[in-house]
Every structure is written in C-alpha cells, then in structure tokens.
Amino acid sequence: MHDRTIAELTEGLKSKEFSSVEIVQNYLDKINASDLNAFITITTEMAIKQAQVADERIAKGNANILTGIPYAHKDIFCTSGVRTSAGSKMLDNFIAPYDATVSYKFNQAGLVMLGKTNMDEFAMGSSNESSFYGATRNPWNKNKVPGGSSGGSAAAVAARLAPFATGTDTGGSIRQPSSLCGVTGLKPTYGCVSRYGMIAYASSLDQAGPITQTAKDAALVLNVMAGFDEKDSTSAQRDVEDYTQSLNNSIKGLTIGLPKEFFSEGLDNNVASEIMAAVKEFEVLGASVKEISLPNSKYAIPTYYVVAPCECSSNLSRMDGVRFGHRCDKPKDLEDLYLRSRTEGFGEEVKRRIMIGSYALSSGYYDAYYLKAQKTRHLISNDFKKAFKEVDVIMGPVSPTTAFDLGSFKDPVSMYLADIYTLSANLAGLPGMSIPAGFSHNMPVGLQMIGDYWSESKLLNIAHQFQQVTEHHSQIPLKEVV
Amino acid sequence: MIDNTQLNQIAYLSKLSIDGDALNATIKDLNNILTLVEQLGEIDTDGIIPMAHPLHMTQRLREDKVTEDDKSKIFQSIAPKIDKQYYLVPTVIE
C-alpha cells in the first residue's frame, strides 16, 4: 500500500479496498520503523482521529478528491496545537496558536497529517544538517544528505513514509532535496500559494509547493494548496486553476531552452549525461531543443546571499524571547534577555545570515549591497523574460552533483555554491520543478524545469508526459521498503 | 572586510553575542561570504530599477477594520512570562 501514488490511493479509498485509518496506520508504522530522522514530530493520535473523520466523510458521500490521504508537513507551516519548530531550538517549545492557510486548506479538504518533517533551521541550508534535531538521512544512502532545506519532506516521500509532503523553496529548498532524493518537487510562481502562517525566511523569495512521487500527484496537491488568500498581502489575485486538466496534452512542438551557463564548469559529468539523456527523451516526444543564454545567472549566488540575509535579519527579529519561543534563564536586563535568548536559540548558520543581513542593511553599506543586489535581481529576471520569448521551458540540472556525504562541507560558502542552478528562479519569482531523471552511482539525478510566470499547468504537463515514458520516478530505495 | 570591532557592532545590531573561540571563525566565515558577494561590483547596473517585487505588483490595502477575533489568551498561553494581559520583561526603568 505504501508505494502507491496519491492517485492510486484515492482510487482504493473510493472502491473501499482500504480505509483512511488503514492507510494512515500503515504509514505511521513505517515512520516509526524508519531511522532516517525525517520527522521532528509524529502526530499519531491526531492522524488517527483525522483519518476516522475522513472515513466518515467518505461514507457519507461528502468527501473531496483528497479526503483521507495522509501527508507529511514541513515543520515550517503553523499547525494549531502542534509544535512548529522550523528546525530550531528557538521554537522547540512553540505550539502554533493558529493554522497556516496551507494547513487550514488541507484540513478542510480532509487530508490527514502524519507529522512534521525535519528541515534546515529556519529553511537556511542545502543539506538538512543545520537542523536542531540532527540531519535527516538520504534514503538512497544513509551516509549522504537528503538536501535541504525541505530534506525531511523529500526523504519521507522517497522512502514512501508518506504519499506526499509539503515543502518551501526560497533558493531551491523544494527542488534540490527532490533532486537528491529522486522525487518530484514543484516550486510555484511567487504569490501562487499563500505564505500566511509559513514561518518567514526571505519573504520576497519564499514559496510553498508539493513534493510527490509523480507530476500528476503534484497537480492534485497544488489544486488544494494554491489560490488567493487575503491574509497574505503578496498573494496573487487570480482565478483558480485545475492543474490536472492539461496533464495529458501532447508536448509535440515544445521548445526547450538549455542555458549554456547551466552546463559549464563545476557540473558533474555523470549528472550532465543523465540530464542530456532526459532531454533526448523529450525530443523523442516531439520537443525541439535550443541553446540559450542567461548571462546574469552567474550572479545569482551573490545576489541571493545579500537579498535573503537582509530579509531574514528583519524577519527573525521577532524571535526575541518575549512573546514566544526560547527565553534565556534569569535575564539581568532587557538587553541581556534579547542577546542571550537569541544567542542560545539560533544555530550557527542562522546567526551568520542574520549578521550578513544586518551588515548589508546598515548605514553606509545599504547602496553597495542591498540596492545593488535588487538591481542585479532585475537583470537576472530580464534574462528569463528574453529567454521565454524564444522557448517554452528551460531545462537543466537542479544540482551540480548528486547527494553529497554528511559533514562534507566545512565552509559555508562552498555549500552556497551548490545552489547555483536553483537560485535564479526564486530571484525572478518563476515556477520551477525537479523531476527524477536517472541515477549516477545509484544516487538520483533531478532534471530542473523552469517555466514562465503562472506556467505550473504547462510544467506539470511536460513532467507528466515524461513520466509516462520513463520509470525513474517509480524507483524506491530498497533498504527502506518494509 | 570585517574586523573585530565591526563584528562586535554587527553582532550588537543583530542582538547576538559572539565571543571566545567563535570570534575568529565567525570573522573568517563572514569575510568569505562578503568576498563572494563582492562579485556584484562587476555588474553594470546603471539605470536599472531595483526589483522590489518579483511580479512587480503593488501590495493590496484592506479596509481598516478588525477582522480577527481576540485570540490573546491563546497567544499568551505560549508566552514565556506573562502577568494578566501583559508580556513580562526585566525591569527597564527603576
């Protein structure tokens, strides 16, 4: 049962092959038997209760398409009455007092939350190693990282500990772990999914999306997640789409752009050949390929590492030990309360990014760093605008290598460099996907697709067509199969 | 590049305390990050408008009326220290 897709599970629920309680119990057993450290909190009792309610809804005939389907929720989404830690000691004792809009929508749809997944602290990281709760292991090789920051979510789906999981993507945090764990991940256009109740890292970049086995499943989940929300001032006012509608469209005549900058120095040869083999598959399906250039994409790393830290230094100022979260013991005065609560509550990477942000925003440096980065961001965005006049979709690798060993990056900058292919889509606010494209030395390789604004349906269609003729997405890491 | 004095100033602005063994390592890490960021200096951005919003949207305004219920009790239930409806901090003025 555990290796079925959402689409298959909904069929089983409809035909009464099994109940939601049975599915949920099955996944909870698998989660409890797993040693991946993919979950920070397992919500057993709540899950069983939600599954019972879902079964009643199904019996009464007032179920939605996803009623009774279990999922794993990244621990960055507020879940009323359940600890929401964002992978930080700072929020280790934080019981969310309200639901994020995504959590609310899932509850309304009758989905069943299995637990909250592990993540890099406040979503700052590409390996899951900055989590206060310890790193999640990659189910394909437990000595390797699952990627980050949504590493727990991607590992959970890859190991079939949940049929799907939520993720958030500020600089690649859905796509990169999806790539490294061999699952399908979608980062929608900025403003597509509500950020209300999603603990903020860099508000102009953060966007939530689904991590699933297949593109079809991602479409089903996005149908619930997406939509205008008046509680999020950056939520886009658009008509609701049915993302499953164009899945079966032919992709004959599709023009694929391959940015030469995405295939340059630093890209592992095996990863490159898997990506090119996937592109060939698209040509067989009737697509044509064109080389393009995104000349400013090489500046995505320095731009991101100014914009994101600036926004995080502001966003994380709310963690002050006064209203919620960690508070130091016996503060001698107010300054001591702030200083010690934050120093004790935050991990090293979070502190680094806050300090870089404070520096870049401080008087005398603002123009040279923040303003300059915001201008460069415009240039990066203009590159895409130009490219999408010539091509329908951009393809390339998600990550320069497959999953790396735990503890292999001692220096923060060298890990930042691994985000080179994912950051520019966030800076421009564009939708992006990672889909399983093959294996190198038994580790998954993800193909990245970047589309124009609001082209989620198109991306899902392209991914679905690829998954109709390939088997990469249905591979399961053997050791995790119970 | 950041030195000892500047690090202390940044840490102060960030309401963080970095000391002892971590000091030198932090200076090194932050300077490595700043070296990476210095690449921005190579780009000609004359006449380019800073990108304030990925979709160039202006933020919506809403009517100035209360839309939420009073949830102060729930919010205060997770506060480290409260007294009646107040959040308690160490004495600021004697």
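By convention here, each chain's residues receive numbers from 1 onward along its written sequence. Key to labels: chains lettered from A, ligands numbered from 1, both in the order written. In view of the model being predicted, local features appear only for residues whose pLDDT reaches at least 70, and side-chain atom pairs are presented and counted only at 80 or more, with totals across whole chains, interfaces and linings using the full set of residues.

Brief notes about the overall build of chain B
Turning to step 1, where the next piece is worked out: Numbering goes from the N terminus for both helices and strands, where a helix is a DSSP run of H or I of at least four residues and a strand is a run of E of at least two. Helices and strands together make up the secondary structure of chain B, namely 3 helices and 2 strands.
Turning to step 2, where the next piece is worked out: For the C-alpha atoms alone, the extent of chain B along its principal axes is close to 55 × 45 × 25 Å.
Turning to step 3, where the next piece is worked out: Whether a residue is buried, exposed or partly exposed follows from its count of other C-beta atoms within 10 Å of its own C-beta, namely 20 or more, 12 or fewer, or something in between, respectively; the C-beta atoms are built from the backbone. Counting across all 94 residues of chain B, residues that qualify as buried make up 15%.

A few points about the overall build of chain A
Turning to step 1, where the next piece is worked out: Across its full length, chain A carries 15 helices and 11 strands.
Turning to step 2, where the next piece is worked out: For chain A, the spread of C-alpha atoms along the three principal axes comes to 65 × 55 × 45 Å.
Turning to step 3, where the next piece is worked out: Within chain A, buried positions represent 63% of all 482 residues.
Turning to step 4, where the next piece is worked out: Any pair of residues counts as being in contact when their C-beta atoms, constructed from backbone geometry, are within 7 Å of one another. For chain A, the proportion of contacts with a sequence separation of at least 24, taken over those separated by at least 6, is 76%.

Focus on helix 5 (residues 151-158) of chain A
Turning to step 1, where the next piece is worked out: Counting buried residues in helix 5 of chain A gives 8 out of 8 residues, a clear majority hidden from the surface.
Turning to step 2, where the next piece is worked out: A:G151, A:G152, A:S153, A:A154, A:A155, A:A156, A:V157 and A:A158 are the residues of helix 5 of chain A that are buried.

Examining helix 4 (residues 101-109) of chain A
Residues and elements named next belong to chain A.
Turning to step 1, where the next piece is worked out: Those residues of helix 4 lying buried are T101, V102, S103, Y104 and F106.
Turning to step 2, where the next piece is worked out: Those residues of helix 4 that are buried lie in contact with strand 2 (70-74), strand 4 (164-169), strand 6 (207-212) and helix 7 (215-225).
Turning to step 3, where the next piece is worked out: Positive phi appears at G110, one or two residues downstream of helix 4, with a value of about 85°.

Some points on the interface of chain A and chain B
Turning to step 1, where the next piece is worked out: Across the contact, 56 residues belong to chain A and 36 residues belong to chain B.
Turning to step 2, where the next piece is worked out: Residue contributions to the side of chain A that touches chain B peak at 11 residues, all from helix 12 (residues 367-390) of chain A.
Turning to step 3, where the next piece is worked out: Amino acids are sorted into nonpolar (Ala, Val, Leu, Ile, Met, Phe, Trp, Tyr, Cys and Pro), charged (Asp, Glu, Lys and Arg) and polar (every other residue, Gly among them). Counted by class, the side of chain A that touches chain B contains 30 nonpolar, 15 polar and 11 charged residues.

Observations regarding the packing of helix 11 (residues 348-361) of chain A against helix 1 (residues 4-13) of chain B
Turning to step 1, where the next piece is worked out: Here, axes are lines fitted to C-alpha atoms. For helices the fit covers the stretch in contact, and angles between N-to-C directions go from 0 to 180 degrees. Running from N to C, helix 11 of chain A and helix 1 of chain B cross one another at 100°; their axes reach a closest spacing of 9 Å. By the criterion of interaxial angle, the relationship of helix 11 of chain A to helix 1 of chain B is roughly perpendicular. Taken together, the residues of helix 1 of chain B that come into contact with helix 11 of chain A (itself represented by A:M355, A:S358 and A:Y359) are B:I10, B:A11 and B:L13.
Turning to step 2, where the next piece is worked out: A breakdown of the residues in the contact of helix 11 of chain A with helix 1 of chain B according to their chemical character gives 5 nonpolar, 1 polar and no charged. Angular relationships are summarised with four words: roughly parallel below 35 degrees, roughly antiparallel beyond 145, roughly perpendicular across 65 to 115, and oblique for the angles in between.

Details of the environment of A:M113
All names here are of chain A.
Turning to step 1, where the next piece is worked out: Relative to the assigned elements, M113 resides in strand 3 (residues 112-117).
Turning to step 2, where the next piece is worked out: For the pair M113 and Y71, spaced 42 residues apart in the sequence, the C-alpha separation amounts to 5.2 Å.
Turning to step 3, where the next piece is worked out: For M113, the residues in contact, after removing those within four places along its chain, are T43, M46, A47, Q50, Y71, H73 and T79.

Topic: the nonpolar core
Turning to step 1, where the next piece is worked out: Each nonpolar core consists of buried Ala, Val, Leu, Ile, Met, Phe, Trp, Tyr and Cys residues. Their C-beta atoms, within 7 Å, join them into a set. Among the nonpolar cores identified, the biggest contains 158 residues, and A:Y71, A:L114 and A:A162 are the most heavily contacted of them.
Turning to step 2, where the next piece is worked out: Non-local contacts of A:L114, meaning those with residues more than four positions away in its chain, are made with A:V24, A:Y27, A:L28, A:I31, A:I42, A:T43, A:A47, A:P70, A:Y71, A:A72 and A:A162.

Some remarks on the environment of A:A236
Turning to step 1, where the next piece is worked out: Secondary-structure assignment places A:A236 in the loop between helix 7 and strand 7 (255-259).
Turning to step 2, where the next piece is worked out: Assessed through the 18 C-beta atoms surrounding it within 10 Å, A:A236 is described here as partly exposed.
Turning to step 3, where the next piece is worked out: Sequence-distant contacts of A:A236, that is, excluding residues within four places in its chain, are made with A:G191, A:C192, A:F228 and B:L55.

Details of the pairing of strand 3 of chain A
Residue and element names in this part refer to chain A.
Turning to step 1, where the next piece is worked out: For strand 3, a buried count of 6 out of 6 residues is recorded, marking the element as mostly surrounded by other parts of the structure.
Turning to step 2, where the next piece is worked out: In terms of strand pairing, strand 1 (residues 39-42) meets strand 3 through 3 bridges, oriented antiparallel. The residue bridging F39 from the neighbouring strand is T117, located in strand 3.
Turning to step 3, where the next piece is worked out: Crossover connection from strand 2 via helix 4 to parallel strand 3: handedness right-handed. Note: two strands are recorded as paired if DSSP finds a minimum of 2 bridges between them. The definition of a right-handed crossover adopted here requires that, viewed with the strands pointing away, the path from the first strand over the helix to the second runs clockwise.

Here's the deal with unusual backbone geometry
Turning to step 1, where the next piece is worked out: Cis geometry is found at the peptide bond from A:G148 to A:S149, where omega equals 5°.
Turning to step 2, where the next piece is worked out: Tracing the backbone shows A:S149 in the loop between strand 3 and helix 5.
Turning to step 3, where the next piece is worked out: Located in the positive-phi region is B:K84, a residue other than glycine, with phi close to 50°.
Turning to step 4, where the next piece is worked out: Relative to the helices and strands, B:K84 is located in the loop between strand 1 (82-83) and strand 2 (86-87).

Examining the environment of A:V157
Residue and element names in this part refer to chain A.
Turning to step 1, where the next piece is worked out: Here V157 shows up in helix 5.
Turning to step 2, where the next piece is worked out: For V157 and Q50, which are 107 residues apart along the polypeptide, the C-alpha to C-alpha distance reads 20 Å.
Turning to step 3, where the next piece is worked out: Residue contacts for V157: discarding those within four places in its chain leaves A162, F164, A165, V183, I211, T212 and Q213.

With respect to the pairing of strand 6 of chain A
All names here are of chain A.
Turning to step 1, where the next piece is worked out: With respect to burial, strand 6 is a largely interior element, 6 of its 6 residues being buried.
Turning to step 2, where the next piece is worked out: Relative to strand 6, strand 4 runs antiparallel, the two sharing 6 bridges. Note on strand 6: the bridge partner recorded for T168 is A208.
Turning to step 3, where the next piece is worked out: Sheet analysis places strand 5 (residues 184-187) next to strand 6, joined by 2 bridges and oriented antiparallel. Note that in strand 6 the partner of G185 across the bridge is I211.

Comments concerning the confidence of the model for chain B
Reading predicted coordinates in detail is not appropriate for stretches of low pLDDT.
All names here are of chain B.
Turning to step 1, where the next piece is worked out: pLDDT measures how confident the predictor is about each residue, on a scale from 0 to 100. On average, residues of chain B score 92 in pLDDT, and 100% of them are at 70 or above.
Turning to step 2, where the next piece is worked out: By mean pLDDT, the top-scoring element of chain B is helix 2 (residues 22-37) (96), and the lowest-scoring one is helix 3 (residues 72-76) (92).
Turning to step 3, where the next piece is worked out: Across the interfaces of the predicted complex, the ipTM metric reaches 0.96, alongside a pTM of 0.97.

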